[in-house]
Amino acid sequence: MTDIRDTIVLPGEGGDVMSRPRASAAPRMASETITEPKALRVALIGVALGFLGLFVVLPLAIVLTGALKAGVSVYLASLKEPDALSAICLTLLVALITVPLNLVFGVAAAWAIAKFDFPGKGVVTTIVDLPFVVSPVIAGMVFMLMFGAQGWFGDWLADHDIRIAFAVPGIILATTFVTLPFVARELIPLMEEQGNEEEETAAVLGAGGWQTFYRVTLPNIKWGLLYGAILCNARAMGEFGAVSVISGHIRGVTNTLPLHVETLYNEYNSAAAFGAASLLTLLGLVTLVLKRIVETRLWQQGPAAGERATETRNRESGTGYQSPGTGS
C-alpha cells in the first residue's frame, strides 16, 4: 500500500484526482552500519601501536634511560662541562635571534601575500616554501660557497676581518633559512580567511597603521603566530644538517647542542651524549604539548587555521598530507 506522503496529487480527466508515487529524494539508509571485521580493526590498531612503540616510544626511552644509567650525579656533571655549557648557550642564542627574525619576516610576508595583489605574488609564495624542499645540507653548502674563504664574498670578508663561515653569524644565517617558512605559512591562510574588512573599518575610524596592527590584526592572528613561533623554535634548536656544514664543528665555539651530541657519541662518551640528547628530547616533548594546546585554540578560531597547522606539521615531516576539515 502506497503511503500518502509518498504520492504526488495531479488533476485528472473530468476533474478527478489521480496520484502517482513520489520519486525518493534520497536512497534509503542501510539498516545496518557497514564496519570492518573486529579482527581487522584489532590488527590495524596493533600494527599502529607496534610502530609507535618501536620507532617513537622505544628510542625516547633509550635516550632517557641512557642519560640516567650512570647516575644522576654523572648526568648533571656531563651537562656542567664547559663544552656542554657552550653548546647549550650557543643553541639558545641562535634560537633567540632566529625566532624574532622569523616572526618579523613571517608577519610581513603573510601581510603582503594575504592582503595585497601584486605581480609575482605566486612566485613569492613559492619561494617562501623553498626551505621545505631544499635539503638543509645543501643550504649549508650554499652559504659556504657564498661566505667561505673561497666563496663569492670570501676575499671581501677577509679584507674587512668579518667571519661568517665557521662562526656564529653563519650558524644564524643557516638556521634562519631552514626555519623561514614556519611563521609565514601559518599566518597566510589565517589572514586570507579574515579578509580586510576589520582593518578597513579601523582606518575609516581614524586608526593609524601601527594602531590597526596592534589592536585589530594582532589579536586575530596571535594563536597562529604563537604556533609558528613554537615550530620555528623547535626546528632552530634541533637543526643539524645546515649547521653541521657551516659551523666547522669547532668544539666549544661553534658546536650547537645537536653537534655536541654527535661529537660525544663519536668519542664513545655515551653517557654524556645521552645526557645532552635528553635535553633535546625534553624540548621535543614540551614542544608537542605546546603544539597541542595551540592547535586546539586554532581549531576553535576556524577550520582553515587548524588545517594549516596540520599541513605545516606534515610539510615539516615531509608527508605532504593535506588534513581534512576535522580536528585531530
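In this report, we go over the structure that sits alongside the text. (Residues numbered from 1 in each chain as written. Predicted model: local features only at pLDDT ≥ 70, side-chain atom pairs only at ≥ 80, totals over all residues. Heavy atoms only, no water.)

## Brief notes about the overall build of the protein
Okay, so step 1: Scanning the protein from N- to C-terminus turns up 15 helices and two strands.
Okay, so step 2: Across the 328 residues of the protein, 36% fall into the buried class.
Okay, so step 3: At a minimum sequence separation of 6, the contacts of the protein that also span at least 24 residues come to 66%.
Okay, so step 4: When the accessible surface of the protein is totalled, it reaches about 19500 Å², and 67% of it is carbon and sulfur. (Helix = DSSP H or I, 4+ residues; strand = E, 2+ residues; numbered from the N terminus. Buried < 20%, exposed > 50% of the residue type's maximum accessible area, 1.4 Å probe, protein only. Contact = heavy atoms within 4.5 Å. Areas by Shrake-Rupley, 256 points an atom, 1.4 Å probe, with all protein chains shown as cover.)

## Here's the deal with the nonpolar core
Okay, so step 1: Membership of the largest hydrophobic core comes to 16 residues, with the highest contact counts inside it found for Val94, Phe143, Phe147, Ile171, Ala174 and Ile246.
Okay, so step 2: Listed by contribution, the elements that provide at least two residues to this core are helix 3 (82-115), helix 6 (136-147), helix 8 (168-178) and helix 12 (241-247).
Okay, so step 3: If one sorts the elements of this core by residue count, helix 8 sits on top with four residues.
Okay, so step 4: In this structure Val94 touches Ile171, Ile172 and Thr175, once residues within four positions along its chain are discounted.
Okay, so step 5: The next biggest cluster of nonpolar side chains, apart from the first, holds 14 residues, and it includes Leu187, Ile188, Met191 and Leu225. (Core = buried A, V, L, I, M, F, W, Y, C linked by side-chain atoms within 4.5 Å.)

## Overview of empty space enclosed by the protein
Vacant regions in the atomic arrangement are exposed by a probe of water-molecule size rolled over the atoms.
Okay, so step 1: One pass over the full model with this rule turns up one cavity of 30 Å³ or more.
Okay, so step 2: Its volume calculated, the largest cavity comes out at about 40 Å³.
Okay, so step 3: If you trace the largest cavity, you find it lined by Thr91, Val94, Thr175, Ala236, Met237, Glu239, Val243, Thr256 and Pro258.
Okay, so step 4: Looking at the lining of the largest cavity, the elements that each hand over two or more residues are helix 3 and helix 11 (209-238).
Okay, so step 5: Residues belonging to the lining of the largest cavity are distributed by class as follows: five nonpolar, three polar and one charged. (1 Å grid on protein atoms, 1.4 Å probe; cavity = no way out; pocket = protein on both sides within 12 Å on 5 of 7 lines; lining within 4 Å. Points joined across faces, edges and corners; volume = space filled by probe spheres on them. Nonpolar A, V, L, I, M, F, W, Y, C, P; charged D, E, K, R; others polar.)

## Side note on the layout of surface pockets
Okay, so step 1: The space that makes up the second largest pocket amounts to roughly 170 Å³.
Okay, so step 2: What lines the second largest pocket is Met144, Phe147, Gly148, Ala149, Gly154, Leu157, Ala158, Ile162, Arg163, Ile164, Ala165 and Phe166.
Okay, so step 3: Class assignment of the residues belonging to the lining of the second largest pocket gives a composition of nine nonpolar, two polar and one charged.

## Here's the deal with a nonpolar patch on the surface
Okay, so step 1: A cluster of nonpolar side chains, contributed by Ile45, Val47, Leu49, Phe51, Leu52, Leu54, Phe55, Val56, Val57, Leu58 and Ile62, occupies part of the molecular surface with about 1100 Å² of accessible area.
Okay, so step 2: For Ile62, the location among the structural elements is in helix 1 (residues 38-68). (Patch = residues over 30% accessible without salt bridge, like charges linked within 9 Å, V, L, I, M, F, W, Y side chains within 5 Å. Salt bridge = Lys/Arg side-chain N within 4 Å of Asp/Glu carboxyl O.)

## A few points about the side chain of Thr263
Okay, so step 1: For Thr263, the position within the fold is in helix 13 (residues 257-266).
Okay, so step 2: Note on Thr263: relative accessible area 15%, which makes it buried.

## Some points on helix 8
Okay, so step 1: When helix 8 is considered as a whole, its buried residues turn out to be Gly170, Ile171, Ile172, Ala174, Thr175, Thr176 and Val178.
Okay, so step 2: The inward-facing, buried residues of helix 8 abut helix 3, helix 5 (130-133), helix 6, helix 9 (181-194), helix 11 and helix 12.

## Points about the environment of Met141
Okay, so step 1: For Met141, the location among the structural elements is in helix 6.
Okay, so step 2: Each C-alpha atom, one on Met141 and one on Gly241, is 9.9 Å from the other, the two residues being 100 residues apart in sequence.

## Considerations on the environment of Ala61
Okay, so step 1: Among the structural elements, Ala61 can be located in helix 1.
Okay, so step 2: Residue Ala61 is classed as partly exposed on the basis of its relative accessible area, which comes to 33%.

## Section: the packing of aromatic side chains
Okay, so step 1: Summed over the entire model, instances satisfying the criterion amount to seven aromatic pairs.
Okay, so step 2: Both rings, one in Phe143 and one in Phe147, keep their centres 6.3 Å apart while their planes meet at 15 degrees; by these two values the pair is stacked. With Phe143 and Phe147 both in helix 6, this residue pair falls four residues apart, about one helical turn.
Okay, so step 3: Owing to a relative accessible area of 13%, Phe143 belongs among the buried residues under this scheme.
Okay, so step 4: Between the aromatic rings of Phe143 and Phe177, the centroid separation amounts to 6.2 Å while the plane-to-plane angle is 80 degrees, which identifies the pairing as edge-to-face. With Phe143 in helix 6 and Phe177 in helix 8, this residue pair connects regions lying 34 residues apart in the sequence.
Okay, so step 5: Here Phe177 falls in the partly exposed class, since its relative accessible area comes to 22%.
Okay, so step 6: These aromatic residues form a ring-pair network of at least three members: Phe143, Phe147, Phe153 and Phe177. (Phe/Tyr/Trp six-rings, centres within 6.5 Å; stacked < 30°, edge-to-face > 60°.)

## Re the packing of helix 9 against helix 11
Okay, so step 1: It is at 7 Å that the axes of helix 9 and helix 11 come closest, and there the two elements cross at 160 degrees. Taken as axis vectors, helix 9 and helix 11 run roughly antiparallel relative to one another. With respect to the hand of their crossing, helix 9 and helix 11 are arranged in right-handed fashion. The segment helix 9 lies against helix 11, with Phe182, Val183, Glu186, Leu187, Leu190, Met191 and Gln194 engaging Thr217, Asn220, Ile221, Gly224, Leu225, Tyr227, Gly228, Ala229, Leu231, Cys232 and Arg235.
Okay, so step 2: Classifying every residue of the contact of helix 9 with helix 11 gives eleven nonpolar, five polar and two charged. (Axes fitted to C-alpha atoms, helices over the stretch in contact; angles between N-to-C directions. Parallel < 35°, antiparallel > 145°, perpendicular 65-115°, else oblique. Left-handed = near helix turned anticlockwise from the far one by under 90°.)

These values are about where atoms sit, not about what they do.
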